[in-house]
Amino acid sequence: MPNIFIINGHEEYAISPDKLNAALVEKAQTLLSAKGYTLKITTMKDDYDIEEEIAKHQWADAIILQTPVNWMGVTWSFKKYMDYVYSAGLDSRLCNGDGRTRKDPSKQYGTGGTLTGKQYMLSLTFNAPKEAFNDPNQGYLKAKV
């Protein structure tokens, strides 16, 4: 059975104690374990070792990111995780550059990843009602550049 790595990118705050994202990770863990999948889970509130996190990415057949979207991006703690873990993996364990090369211009940006054959799932939570996503008078749709 496939190996699945789940990352809970939620950052706990007094007004946001991580009930929803934690519940979604727990639900995924229950369902996937019942189907015989092997799981590893990292949460932003726990300490993590960069080398172990790189190994989890290499080990996994599928990676699930469960995170809230804060200010149109991931939480600061998950951004820090990405900066440290993914930067450390630039030594070809996670990617070998960004894919561009002067020797072979047919290789394009974004093709340097070494974790080929993996599946990825983004499960994102927003503190917004469904109507806010299609209403041009609300939220980010209202902003004009």
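Scroll up for the structure.
Caption draft 1: Quick peek at unusual backbone geometry. Notably, S92 is not glycine yet its phi reads approximately 95°, a positive angle. Structurally, S92 is set in the loop between α3 (76-88) and β4 (119-125).

Caption draft 2: Just a nonpolar patch on the surface, in detail. Together, Y13, I15 and W76 line one region of the surface with nonpolar side chains, adding up to about 410 Å² of accessible area. Along the chain, the position of I15 falls in the loop between β1 (3-8) and α1 (19-34).

Caption draft 3: How the structure looks around the packing of aromatic side chains. Taken as a whole and assessed by the stated rule, the structure comprises three aromatic pairs. Ring geometry for Y48 versus Y81: centroids 4.9 Å apart, planes at 70°, classification edge-to-face. With a gap of 33 residues between them, Y48 in the loop between β2 (38-43) and α2 (50-59) and Y81 in helix α3 connect regions that are remote in the sequence. Taking the relative accessible area as the measure of exposure, Y48 reaches 25% and is therefore partly exposed. When its relative accessible area of 0% is taken as the criterion, Y81 is described as buried. An angle of 20° between the planes, with centres 5.6 Å apart, marks the rings of F78 and Y81 as stacked. Of this pair, F78 and Y81 both sit in helix α3, three residues apart, which is roughly one turn of that helix. Summarising the burial analysis for this pair, F78 and Y81 share the class buried. One aromatic cluster is present, built from ring pairs that chain together Y48, F78, Y81 and Y86.

So, how was this worked out
- Residues numbered from 1 in each chain as written.
- Predicted model: local features only at pLDDT ≥ 70, side-chain atom pairs only at ≥ 80, totals over all residues.
- Heavy atoms only, no water.
- Helix = DSSP H or I, 4+ residues; strand = E, 2+ residues; numbered from the N terminus.
- Patch = residues over 30% accessible without salt bridge, like charges linked within 9 Å, V, L, I, M, F, W, Y side chains within 5 Å.
- Areas by Shrake-Rupley, 256 points an atom, 1.4 Å probe, with all protein chains shown as cover.
- Salt bridge = Lys/Arg side-chain N within 4 Å of Asp/Glu carboxyl O.
- Phe/Tyr/Trp six-rings, centres within 6.5 Å; stacked < 30°, edge-to-face > 60°.
- Buried < 20%, exposed > 50% of the residue type's maximum accessible area, 1.4 Å probe, protein only.

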